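Observations on the model geometry
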Amino acid sequence: MAEPRLAVRRKSRSSSERKRSRAPVQPVAASSPVARKRPSSGGEGPPAEVLCSNDSEEDMFGGCDSFYGNDSLIAQVDDIDHKYLQDKNMDVEAAGEIESSQVQSGVHQKEEDNFFASQNVVVLNSDKEGGACQMRDSDTADGNQKLTESILDDLPLSQLLYFEKMDELFSPSRTSPLSKGRDECVNSFSDKIRDPLSFYTGVEHRNRPIDSSSLSNCVLFKSESLKDHLKSAMTGNARAQTLQVSKTKQLKEAVLSEEIFVARKAIESSSLDIGPFYGLPSKVKDLFRQLRGIETLYEWQHDCLMLESLQQRKNLIYSLPTGGGKTLVAEIIILQELLCRQKDVLMILPYVAIVQEKVRGLSSFGIELGFLVEEYAGSKGRFPPIKRRVKKSLYIATIEKGHALVNSLIETERIYDLGLVVVDELHMLGAGSRGAVLEITLAKILYTSKKTQIIGMSATLNNVGDLQKFLQAEYYTNNFRPVELKEYIKIRDTIYAVDSKTQNGFAFSRLLNFKYSSNLEKADPDHIIALVTEVIPKYSCLIFCPTRKNCENVASMVCKYLKKEFRAHKGKEKQDLIENLKGIGNGTVCPLLKQTIPFGIAYHHSGLTNDERKSIEEAYSAGVLCLLACTATLAAGVNLPARRVILRAPYVGNDFLKKNQYKQMTGRAGRAGIDSAGESILIVQEKDKHLVQDLVHSPLDNCYSNLLLELTKGIQSLLLSLVGLKIAVTHEEVDNFMSCTLLGVQQQLLSKEKSLSEIIKDGLENLIEKGLLKGRITEKDHNSKSALTITPLGKATYKGSIDLAYCNILYRELKKGLEGLVLESNLHLLYLSTPYDMTSTCSPDWMIYLRQFNQLSAAEQKVADIVGVPESFITKKASGQAVRKNVDNAVVNRFYLTFVLYSLLKETNIWSVSEKFNLSRGYVQNLLNSAASFASCLLHFCEELEEFWVYKALLIELTKQLTYCVKTELIPLMEVAGVLEARAKQLYNAGYKTLAHLANANPETLVRMIEHLSRRQAKQIISSAKMLLSEKAEALQEEVEELLKVPRDIPGTR
């Protein structure tokens, strides 16, 4: 029978005490043995005192590197063996003879000399009266019980949990490893206890000569078996990971681990009754209560989560009005995938701001539940992502970054690790080039990984049948809104309720009750002041305006005619907001905001910087601001609900409002848990009345594929990556793939002039002509099996996510840069990193252009000559002279934008740069963000082309500078999701200078030290910092393990 492992530990408490206090699955560190001096040849030395210490601080190897050291546990056991072989009544020589011929073992009765093995299962004492070996009667009686407890008690936590889980997995008829080992151990020792001759000759023969063979067996058991047990037990315990955490925390983690294990088994069994909280640990429910204030789910949410299609892991599309709670359902499904099915998850969101908000919101869950939250937005994100050993990852990405991530997973054959993809705002499939990229991403997932589940949600879907067919999905819908929405329109001073039952669709509601003076009537012909003063300052209000300028005009006009009493409402908080904005602008604040904020009013549009927008949003959410004049982008961005929503006009820019846009704006009315109802009022001119009737009663807009409309970002980009990723390399295979896209579903509607196969053929030939693909497509071999291959330029293009319209131009400019890259400053590199697609919106101020050009050094002016912007051209433009030279305007405009970026990196102040170039702050911010993202794409492009190796190191640093555009010491803080420049400065000045400082901060201290920081924001910042720190630590650990991994293909080995 195999010898069971023994764990040797010091007895520090009584057995009864240990039973009461010991948690059933806590790890127990092996205690160092009692240190004793080796006996000299002249006799026994006095035993050393027992070293008492806390269990958690004991050194398992007694201060040595291992148990093979000279003063190790095994050496001490050897000493004990020799010591108790000597008879106290014999002289040294006699003892030596006995040691060589017949060995005597006994029991010593002094308590300080006790030696405990496995919690005193076997106790050997030295008897003063005789030299015989004996077993204490009390130990004999309790041997089996104590041994069973000791085996359980001494197993490391990792082994114990493993055996318990294995025991649960096997059928009841089978013996678990734990019980089998325990039974073997008990039987082995029980046999020895029942057979006294195996240890000693018996009590009645104490004074007789001792039989040498019996003593030899005793010695053999002690010297060999005990040593082997000790070595085996200590080796096992040393290899097991010992958690340096409190026992309470270990117990909580063990309970959580058990619940996840049970939930995972339940979900795998496809049972409807799958656990305490939809198959998740009860801790998840507690976290939703603590972090979100969610006590119970709405009825529709419960019904949706219990859908049979979800239990069977079918794809699902679900649609509800804005504010109905769609996101919570998605988050629960995401947690099921991460915790129970142990798969990675990709969540695709439309905008960078929403990605950052979601990263902040879910980092707390990741910290508590043991998964990673990774941000893929702007220039952030690693391709391919790190393959984690244990923890699973939730990738939260924008549409573009999500596509690049899926490409990298397919290329590295890791797409099967992706268990779930969640798409918010699924109607974005019909939104131009971004919709085309989203369609490409989902089509690739559907084609390459049949086991990856796709969940899509939206508030504005109409042609759901097409989307169901494309995504092979079930559909769930509900009209639930937590707050009732009442829709109105206003014509002159009359308000009508939207009512589909009436003949013209509108029913009279009331007349406005507000006295207008003649001056006020001229200033406010649309009666906006009358509408807003009915709700503010007690309740909140949003006014959606057609243009940015109109937002500012409305905010200015309203505050001019409000009573002074409005200034008193939360006056101190408003002043704090102005001071905060002043800090953001390095001492400068927008004059208009300085005028409107005291009345609780502000504007919100893309002309603000990220920091300004964030501060205004936080102030509005806190009730400091009660009225925002905003553009339509706010409706599709962060969640800022209001008691009343006013649509200034049925236009967005110069275009008439679409039904989806109308629904998104009006959907912001009504705050769950605060308002009993929400109101939307659309201001209509008499001339637009019939158009508005059609608008409010028409169905939602259909969602159509944009692959054909967006050629270079659509179908051509798709064809290139299909060949590059080897998803489809022949014309026939490409045809098969395209039939699985939304375009394939809608081809009869969208491609009436040409068949889809002909469109594909034209696209492939165009890519071959551009030098991105190699192969031949002709009518003759149209259906042949000849394979297409991708060129190095083609591979660099799709891996860098470069628009095919610019890939050849980019290659030529990079090639030209190799001939004479000017490195005196980063101006030349900045020009190469300036995004092409922003040149069309740029209108240079030629005097500013000339002024900036004249400030360049000689080397920097050489850059202008290299890229093709002659000084004479700028001079003539500035002086208004006619220009005869043939100069590329796109290059000239791009170089002007490069000047803006160059100034930004030198000054790191958006305010001063926007004033210098007479541009809006928001435009400069957008340029900076776009340049950072394009620099990241450029880096991936150059990594695929060996000839551009020189750019790699330069672009890594430049991407970092463009991403943060702050002083170097603030960059570690700004890596945390949601921490922008102003907040980073506050944190740095308060002493939080590193990621570790933030991750270990106390929320209460943070709130006390940082102005205008709420407790909720402090907790989110700390959780995000902890998550980022955890990601970095995991990455380093992965790298170490990869380095230490033994290769399987070592020469000379099998």
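Residues numbered from 1 in each chain as written. Predicted model: local features only at pLDDT ≥ 70, side-chain atom pairs only at ≥ 80, totals over all residues. Heavy atoms only, no water.

Further remarks concern the overall build of the protein. The number of helices and strands found in the protein is 46 helices and 21 strands. Buried positions account for 52% of the 1054 residues belonging to the protein. When contacts within the protein are restricted to residue pairs at least 6 apart in sequence, long-range pairs at least 24 apart make up 71% of them. For the protein, the accessible surface area stands at approximately 49400 Å², while carbon and sulfur atoms represent 50% of it. (Helix = DSSP H or I, 4+ residues; strand = E, 2+ residues; numbered from the N terminus. Buried < 20%, exposed > 50% of the residue type's maximum accessible area, 1.4 Å probe, protein only. Contact = heavy atoms within 4.5 Å. Areas by Shrake-Rupley, 256 points an atom, 1.4 Å probe, with all protein chains shown as cover.)

In this section: the confidence of the model for the protein. Any residue range with low pLDDT should be treated as having predicted coordinates unsuitable for detailed reading. Scored by pLDDT, the protein has a mean of 79; 73% of the residues are at 70 or more. Ranking the helices and strands of the protein by mean pLDDT puts strand β4 (residues 344-348) first, with 98, and strand β2 (residues 122-123) last, with 36. Overall, residues 1-72 carries pLDDT values under 50, and its contacts beyond four positions in sequence, including any with other chains, amount to 123 contacts. Taken together, the stretch residues 169-224 has pLDDT below 50 and engages in 69 contacts with residues farther than four places along the chain or on a different chain. (pLDDT = per-residue confidence, 0-100.)

Let us now look at the pattern of salt bridges. Within this structure, the stated rule accounts for 38 salt bridges. We note a salt bridge from R341 to E337, for which the minimum N-O separation is 3.4 Å. (Salt bridge = Lys/Arg side-chain N within 4 Å of Asp/Glu carboxyl O.)

Following both chains from N to C, one finds helix α27 (residues 715-724) and helix α32 (residues 792-799) inclined at 115 degrees, their axes separated by 10 Å at the closest point. If you check the angle between α27 and α32, you find them roughly perpendicular. For the pair α27 and α32, the sense of crossing is left-handed. On the side of α27, the interface is formed by L720, S721 and G724, while α32 contributes G794, T797 and Y798. Here the contact of α27 with α32 is built from residues that sort into two nonpolar, four polar and no charged. (Axes fitted to C-alpha atoms, helices over the stretch in contact; angles between N-to-C directions. Parallel < 35°, antiparallel > 145°, perpendicular 65-115°, else oblique. Left-handed = near helix turned anticlockwise from the far one by under 90°. Nonpolar A, V, L, I, M, F, W, Y, C, P; charged D, E, K, R; others polar.)

Time to look at the nonpolar core. One finds L442, M738, F895, F941 and L962 to be the most contacted residues of the largest nonpolar core, which totals 124 residues. A per-element tally of this core places helix α40 (residues 921-943) first, with 13 residues. Here F941 is in contact with L793, A796, T797, G800, I802, L810, L814 and F948, once residues within four sequence places are set aside. With 73 residues, the next largest nonpolar core counts F544, V554, L562 and I584 among its residues. (Core = buried A, V, L, I, M, F, W, Y, C linked by side-chain atoms within 4.5 Å.)

All right, on to the sheet that holds strand β6 (residues 393-397) then. Ordered in space as β5-β6-β4-β7-β8-β3-β9, the seven strands form an open sheet in which the pairing is parallel. Taken across any chain shown, the strands that pair with only one partner, and hence form the sheet edges, are β5 (372-376) and β9 (473-477). Neighbouring strand axes in the sheet, compared pairwise and without regard to direction, differ in orientation by 15 degrees on average. For β5 and β6, the ladder comprises five bridges, and the chain directions are parallel. Residue pairing in the sheet places E374 in a bridge with Y395 of β6. Here helix α15 (residues 432-448) sits on the sheet and contacts β3 (315-319), β4, β7 (418-424) and β8 (453-458); the angle it forms with β7, its principal contact strand, is near 155 degrees. Sheet strands touched by helix α16 (residues 464-471): β3, β8 and β9. Its angle to β9, the strand with the most contacts, is close to 145 degrees. (Pairing = 2+ DSSP bridges.)

Within the structure shown, the criterion is met by 23 aromatic pairs. When the centroid spacing of 4.9 Å and the interplanar angle of 10 degrees are considered together, the rings of Y806 and Y836 count as stacked. You can see Y806 sitting in the loop between α32 and α33 (807-819) and its partner Y836 sitting in the loop between α34 (827-833) and α35 (846-854), a full 30 residues away along the chain. Grouped by ring-pair contacts, the aromatic residues Y831, W846, Y849, F873, F895, Y896, F899 and F917 constitute a single cluster. The positively charged end of R643 is found above the aromatic ring belonging to Y539, 4.2 Å away from the centroid. One cation-aromatic arrangement involves R894 over Y836; the distance from NZ or CZ to the ring centre is 3.9 Å. (Phe/Tyr/Trp six-rings, centres within 6.5 Å; stacked < 30°, edge-to-face > 60°. Lys NZ or Arg CZ within 6 Å of the ring centre and 35° of its normal.)

We now examine the packing of helix α9 (residues 282-292) against helix α13 (residues 352-369). Packing of α9 against α13 brings their axes to within 11 Å, and their N-to-C directions diverge by 145 degrees. The hand of the α9/α13 crossing is right-handed. Every residue of α13 that contacts α9 at K283, V284, L287, F288, L291 and R292 is listed here: G361, L362, S364, F365, E368 and L369. Residues of the contact of α9 with α13, tallied by class, amount to seven nonpolar, two polar and three charged.

Turning our eyes to something else, we now look at the side chain of E813. You can see E813 is positioned in helix α33. What makes E813 buried here is its relative accessible area of 17%. Other than its neighbours up to four places away in sequence, E813 contacts Y831, L832, Y836 and R894.

Before going further, it helps to spend a moment on a nonpolar patch on the surface. Residues Y704, L749 and L750 make up a contiguous nonpolar surface patch of roughly 250 Å² in combined accessible area. Looking at the element boundaries, L749 is found in helix α30 (residues 747-750). Of the residues examined, L749 reaches a relative accessible area of 51% and is grouped as exposed. (Patch = residues over 30% accessible without salt bridge, like charges linked within 9 Å, V, L, I, M, F, W, Y side chains within 5 Å.)

Let's shift gears to the pairing of strand β19 (residues 677-684). The buried fraction of β19 amounts to seven of the eight residues, a majority that puts the element mostly inside the structure. Where strand β10 (residues 484-491) lies against β19, eight bridges are found, and the strand directions are parallel. Bridge assignment links I491 to a residue of β19, and that residue is V684. With four bridges connecting them, strand β16 (residues 644-647) and β19 associate as parallel partners. Within β19, the residue paired with I646 across the bridge is I681.

With respect to the helices and strands, V924 occurs in helix α40. With 11 residues separating them in the primary sequence, V924 and V913 have C-alpha atoms 7.9 Å apart. Filtering out sequence-adjacent residues up to four positions away, V924 remains in contact with V900, L904, I910, V913, S914 and L919.

All right, on to unusual backbone geometry then. That bond from F383 to P384 is cis: its omega, -10 degrees, falls within 30 degrees of zero. Inspection of the secondary structure assignment puts P384 in the loop between β5 and β6. In this model, I536 is joined to P537 through a cis peptide bond whose omega is 5 degrees. Relative to the helices and strands, P537 resides in the loop between α18 (528-533) and β13 (541-544). A positive phi angle is found at Y278, which is not glycine, with a value near 55 degrees. Structurally, the position occupied by Y278 is in the loop between α8 (247-268) and α9. Its identity is not glycine, yet N586 carries a phi of approximately 55 degrees, on the positive side. Tracing the sequence through the fold places N586 in the loop between α21 (571-584) and α22 (591-596).

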